[in-house]
Amino acid sequence: MNSDKPLVSVVIPAYDVEKFIPKTLESVLKQTYENLEIIVVNDGSVDKTGVVVENILGNQNRFPYKVIHKKNEGVSVARNVGIENAKGKYLKFLDGDDWLEPDAVQVLVETCEKYNCEIAFGGQDVVSSKGRVLYKYNESYVYDEGLKNPREVLRDFLVGKSHISMNSSIFLKSVVDKYEIRFTKGAKFGEDNEFISKFLYFSNAAYMFNRKFSSVVYRHNSVTKQATLAVFHNVGSMKRLKRFFELNNESELVKLLEEYVIPKAYAWTIGNLAYNGYSFRKWIKIARAPNIRKQILKLKREYNPTKMGKEMKFVLRMYAISPELTYVLLRTANIIFRLKA
């Protein structure tokens, strides 16, 4: 471990990922950056996640580590526990079933140090459990590399032109501490976007890379792929963000959230339900609810020019014509995608 370089705290929330976390930890242990600490928060796993983590980290002597075992309270609380226990200058979050590129931490940290950035980020590929690429990062979002004004990054992030994932970014911890930025307890969807948006708001410089730093594993049986009404938490996260900007007198951002971001959150939410197999009868009732349909039909344009953006635009047009056909289209897309995975 080289103490001449800033300490980076890698925070990994983990819940029932005994089959996947070995590769996650392997990707951290193989980082080219030398000054890391690893913090795994075992969020009440009922499988052998805790034992697997203890064995892997206990049998390596490259990085200091801490494994925190706690009752299940969700990913938001788990990440917050990681933040409270982190000693590093920078925070690097990583989900317990995903993995990093070997030079991810080194490139992100050195860039923040060089340009005095509070945040640096790139993209992430969507891959199968065997590592086959299902969706490349630049098929999903736009990454215009360079030093950026965080305000511009925030706007592009909110409208979905570019994206910042917890896996593919790094954060200056002093900003998190100074402004008491935390993940909302109990939030299951959109909590990461809420956290990142607030962080960008309090930042002075950001660096965007046009490359991938991580791979997110598509698992059709994961918690986030279940068709439950908990996906409406995503709408709640954006409404909380709107309130945050209202309190900070940011009228331009409030208007953007009202006119585009929150309507798009509704669209994503009902799309997620259909894609993951929510009951057709129940879904149609939700999709045709006047308040929800009114919100979604506000979306007159798509800011994202990538393959994914074009697909989303097509789905929105289909929804305006026929919610029933939209459901069939999304379910079919899910079946085809799962066969590829």
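Above this text you will find the structure in question.
Fair warning: this is a prediction, and the values are worked out from it, not measured in the lab. (Residues numbered from 1 in each chain as written. Predicted model: local features only at pLDDT ≥ 70, side-chain atom pairs only at ≥ 80, totals over all residues. Heavy atoms only, no water.)

So, the pattern of salt bridges
In a structure, side chains of opposite charge can pair up when their charged atoms sit close to one another. Short version of the rule: The rule for a salt bridge is simple: a side-chain nitrogen of Lys or Arg has to be within 4 Å of a carboxyl oxygen of Asp or Glu. Per the convention used, a helix needs a DSSP run of H or I reaching at least four residues, while a strand needs a run of E reaching at least two, with both numbered from the N terminus. We call a residue buried when its accessible area falls under 20% of the maximum for its residue type, exposed when it is over 50%, and partly exposed in between, using a 1.4 Å probe and counting protein chains only.
Under the definition given, this model contains 21 salt bridges. With a closest N to O distance of 3.6 Å, Glu258 and Lys242 form a salt bridge. With Glu258 in helix α10 (residues 251-275) and Lys242 in helix α9 (residues 233-247), this pair connects stretches of sequence that are 16 residues apart. When its relative accessible area of 36% is taken as the criterion, Glu258 is described as partly exposed.

Remarks on unusual backbone geometry
The residue Asp16 is not glycine, and still its phi comes out positive at about 50°. Structurally, the position occupied by Asp16 is in the loop between β1 (8-14) and α1 (21-29). Of note, the phi angle at Asn249 is positive, near 55°, even though the residue is not glycine. Relative to the assigned elements, Asn249 resides in the loop between α9 and α10.

Considerations on a positive patch on the surface
Condition: The residues that make up patches have over 30% relative accessible area and no salt bridge, and they are joined within 9 Å when like-charged or within 5 Å when they are Val, Leu, Ile, Met, Phe, Trp or Tyr. Residue exposure ignores everything except the shown protein chains as possible cover, and the areas themselves are Shrake-Rupley values with a 1.4 Å probe. Charged-residue counts in this description rest on Lys and Arg as positive and Asp and Glu as negative, His and the chain ends being excluded. Here the site of a charge means NZ on Lys, CZ on Arg, CG on Asp, or CD on Glu.
Together, Arg155, Lys161, Arg301, Lys313 and Arg317 line one region of the surface with positive charge. Within the secondary structure layout, Lys161 lies in the loop between α6 (150-159) and β9 (169-172). Note on Lys161: relative accessible area 31%, which makes it partly exposed.

Let's talk about the side chain of Asn304
So the rule is basically this: In protein, a polar contact means a hydrogen-donor-capable atom and an acceptor-capable atom, both N or O and within 3.5 Å, with residues adjacent in sequence counting only if both atoms are side-chain atoms; elsewhere, any N or O pair within 3.5 Å suffices. Note on definitions: a residue-residue contact is assigned when non-hydrogen atoms from the two residues lie within 4.5 Å.
Locating Asn304 in the fold gives a position in the loop between α12 (290-296) and α13 (307-321). A distance of 2.7 Å separates polar atoms of two side chains, one belonging to Asn304 and the other to Thr306. Ignoring anything within four residues of it in the chain, the contact list for Asn304 reads Ser140, Tyr141, Gly160, Lys161, Gly309 and Lys310.

Observations regarding the pairing of β9
For a regular strand, side chains alternate in direction, first toward one face of the sheet and then toward the other. Our working definition: By this definition, two strands are paired if DSSP reports at least two bridges between them.
Residue alternation in β9 divides its side chains into two sets, Ser169 and Phe171 and Ile170 and Leu172, and both sets are buried. Bridge analysis of strand β4 (residues 90-93) against β9 gives two bridges, and the strand direction is antiparallel. Across the sheet, the residue bridging to Tyr90 is Leu172, located in β9. Pairing of strand β6 (residues 119-127) with β9 involves three bridges; the strand directions are antiparallel.

Re the packing of α6 against α10
For clarity, the cut-off: Interaxial angle, 0 to 180 degrees, is taken between N-to-C directions of lines fitted to C-alpha atoms, where a helix line uses only the stretch in contact. Roughly parallel refers to an angle under 35 degrees, roughly antiparallel to one over 145, roughly perpendicular to one between 65 and 115, and oblique to any angle outside these ranges. The residue classification treats Ala, Val, Leu, Ile, Met, Phe, Trp, Tyr, Cys and Pro as nonpolar and Asp, Glu, Lys and Arg as charged. All others, Gly included, are polar.
Relative to each other, α6 and α10 sit at 25°, their axes nearing to 9 Å. Considering the angle they form, α6 stands roughly parallel to α10. Between α6 and α10, the contacting residues are Arg151, Leu154, Arg155, Leu158 and Val159 on the first element and Glu252, Leu253, Leu256, Tyr260, Val261 and Lys264 on the second. Partitioned by chemical class, the residues of the contact of α6 with α10 number seven nonpolar, no polar and four charged.

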